[in-house]
Amino acid sequence: MTAVARPRILVVGAGFAGVECVRRLERRLSPTEAEITLVTPSSFQLYLPLLPQVAAGVLTPQSIAVSLRRSRRHRTHIVPGGVVGVDTRAKVCVVRKISGELTPRAYDHLVLAPGSVTRSFDIPGLAEHARGMKTLAEAAHLRDHVIAQLDLADACEDEAERAARLCFVVVGGGYAGTETAACLQRLTHHAVRRYPRLDPRQIRWHLVDIAPTLMPELGEALGRSALEVLGRRGIEVSLGVSVAKAGPDEVTLTDGRVLRSRTLIWTAGVAASPLIATLEADTDRGRLVVAPDLTVPGLPGVLALGDAAAVPDLAAGADGAVCPPTAQHAQRQGRTAADNLIATLRHQALRPYRHKDLGLVVDLGGRDGVSRPLGIELRGLPAQAVARGYHWAALRTNVARTRVATNWLLNAVAGDDFVRTGFQAWRPPTLREFEHTDAYLTPEQVRAHTAPLRTGLT
Ligand SMILES: Cc1cc2nc3c(=O)[nH]c(=O)nc-3n(C[C@H](O)[C@H](O)[C@H](O)COP(=O)(O)OP(=O)(O)OC[C@H]3O[C@@H](n4cnc5c(N)ncnc54)[C@H](O)[C@@H]3O)c2cc1C
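Computed from a predicted model, the values in this text were never measured in an experiment. Per chain, residues are indexed from 1 in the order of the written sequence. It should be noted that, the model being predicted, local features are given only for residues of pLDDT at least 70 and side-chain atom pairs only at 80 or more, the latter also being counted only at that level, while totals for whole chains, interfaces and linings use all residues.

Visitor: I tried to follow the domain arrangement of the chain on my own but got confused; where do I start?
Guide: You'll often see interface size given as the accessible area lost when the parts meet. Segmenting the chain into domains produces domain 1 (8-118 + 271-357 + 435-454) and domain 2 (129-266 + 359-394). Note: domain ranges come from an automatic or database domain assignment. Distance between the C-alpha centres of domain 1 and domain 2: 31 Å. The interface of domain 1 with domain 2 comprises 16 residues on the first partner and 19 residues on the second. When contributions to the side of domain 1 that touches domain 2 are tallied by element, the ones reaching two or more residues are α2 (51-55) and β9 (116-118). For the purposes of this entry, the term helix denotes a DSSP run of H or I that reaches at least four residues, the term strand denotes a run of E that reaches at least two, and both are numbered from the N terminus. For the side of domain 1 that touches domain 2, the element with the most residues is α2, which contributes five residues. Residues are grouped as follows: Ala, Val, Leu, Ile, Met, Phe, Trp, Tyr, Cys and Pro are nonpolar; Asp, Glu, Lys and Arg are charged; every other residue, Gly included, is polar. Split into classes, the residues belonging to the side of domain 1 that touches domain 2 amount to 11 nonpolar, three polar and two charged. By definition, residues are in contact whenever their C-beta atoms, placed on the basis of the backbone, come within 7 Å of each other.

Visitor: In this structure, what is going on with the packing of helix α1 (residues 16-28) against helix α9 (residues 327-345)? I would like to understand it.
Guide: For any two helices packed against each other, the geometry comes down to the angle between their axes and how far apart the axes lie. Here, axes are lines fitted to C-alpha atoms. For helices the fit covers the stretch in contact, and angles between N-to-C directions go from 0 to 180 degrees. Contact geometry for α1 and α9: axes closest at 7 Å, N-to-C directions at 35°. Relative to α9, the crossing made by α1 is right-handed. Contacts between α1 and α9 pair Phe-16, Ala-17, Gly-18, Glu-20, Cys-21, Arg-24, Leu-25 and Arg-28 from the former with Ala-327, Ala-330, Gln-331, Gln-333, Gly-334, Arg-335, Ala-337, Ala-338, Leu-341 and Ile-342 from the latter. In the contact of α1 with α9, the residues fall into 10 nonpolar, four polar and four charged. In this scheme the crossing of two helices becomes right-handed for a clockwise turn of the near helix relative to the far one and left-handed for an anticlockwise turn of less than a right angle.

Visitor: Hey, could you run me through the packing of helix α4 (residues 136-155) against helix α6 (residues 175-191) in this one?
Guide: Running from N to C, α4 and α6 point in directions that differ by 30°, and their axes come no closer than 11 Å. Every pair of crossing elements has a handedness; the one defined by α4 and α6 is right-handed. Two secondary-structure elements touch here, α4 through Val-146, Ile-147 and Leu-150 and α6 through Leu-184, Leu-187, Thr-188 and Ala-191. A breakdown of the residues in the contact of α4 with α6 according to their chemical character gives six nonpolar, one polar and no charged.

Visitor: Would you mind showing me how to read the sheet that holds strand β7 (residues 102-106) here?
Guide: Two modes of strand pairing occur in sheets, parallel and antiparallel, and in both the strands are linked by backbone hydrogen bonds. DSSP-based pairing: two strands are paired if at least 2 bridges between them are found. If you walk across this open sheet you meet the seven strands as β7-β6-β5-β2-β1-β8-β21, and the pairing is mixed. The two strands at the open ends of the sheet, each matched to only one other strand, are β7 and β21 (302-304). When the angles between neighbouring strand axes are averaged without regard to direction, this sheet yields 35°. Bridge count for strand β8 (residues 109-112) against β21 is three bridges, and the pairing is parallel. From the neighbouring strand, Leu-112 faces β21, where its bridge partner is Ala-304. The strands touched by helix α13 (residues 443-454) are β5 (77-87), β6 (92-97) and β7; relative to β5, the strand with the most contacts, the crossing angle is about 115°.

Set out below in structure tokens:
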């Protein structure tokens, strides 16, 4: 008796979009209907919106790394690695396992959800000196780096070096950059009390953005409130300004100012995963163009979603609008992708993705926040409570919720010990190193790897 081959669904990326898709497929498809495989370099789903709190030491890294293997009910086969190229004609992905080994993986249905990387520009010195805030390793590394600057400033006799070590520059006035600056400023503000030789007034934080307002998606009034909070804490915000060049101990701004600093944190937006550019398909500002039902025109059997895809925003009511790169959309697109895959397997009609934005919540640390849930403007403690409540509820597992709640409580009661772990001290802190932006194959290299599986195709 020969076994009937099940359709192979291959999901790339275990983020908000990929994990939501996989979990829904597990729940709604019987094991006989399809084989589900997830390719992911890490064994967890990272809850990115709480990353600034990891850098600040409010949460431990483990608490926002939600395990993919928590339950025995999860029957998806996990391949530990990253997809470095796709031969869409042969329907084969090339996977680089975490061991380094390259291996082809055939699919019948491909779900592309590899997310995004930090968007960088051709600014002299940026590739060498800018630090990102997009991965767990970057957050942990950044925390160590900031504490190291306090340690080194405390131990140095040279005034100029000390000033440079105590000056921190964050670029990007979106929610990621604003939360990062706000949370890390609180870290240095509290930590400096443990360094009697350092004068707290010497610590300077700069937040820089080329846009004329902070977090424009929150609206003018809340943007102003955020500015007030940052100003009260002594964070100098420079709007309409960017970085002209960066060096090991200085950042030159486009308005001509030179900030002596050993820390340039770069959070100026995101760009679709470099995997998308290797597909030779249509893109919109780097994101893969998809139809409202998340299928990719011209690539049979491929769906794309999340930060990597330009998904039409049908609820926005404007022609050509695409969904912003947020977790809110990515997760819901995961559900639509799963439903549409199931519909495809069962020969039913696909449905378009439509979601009306629920608003944005921003935790500025301490008792500060600015939030706009369902259009209601909130500030201070109520805004922060809504932000934390929203994130807490959005974590996928009860154990993750318990870890996060316990960490918040412990931090509120006992504070931080400002320990520098040194775990990744050997690592060059570049965006390329942490976000693996150069890991991908050219189309020719992909075809060379998939050749054995392509015999028969003309
Ligand atoms: C600091 C910060 C704060 C944020 N705050 C908010 C917020 O408050 N609210 C909100 O809605 N959004 C927020 N976002 C944005 C939100 O996190 C993203 O929009 C969301 O994570 C996108 O989901 P995704 O599934 O597309 O990508 P991700 O969640 O990034 O997941 C992509 C996954 O794919 C994996 N991957 C990458 N390349 C490959 C490959 N080649 N092969 C296999 N796997 C691969 C990655 O390792 C990752 O696990 C924030 C982002 C940051 C950085």
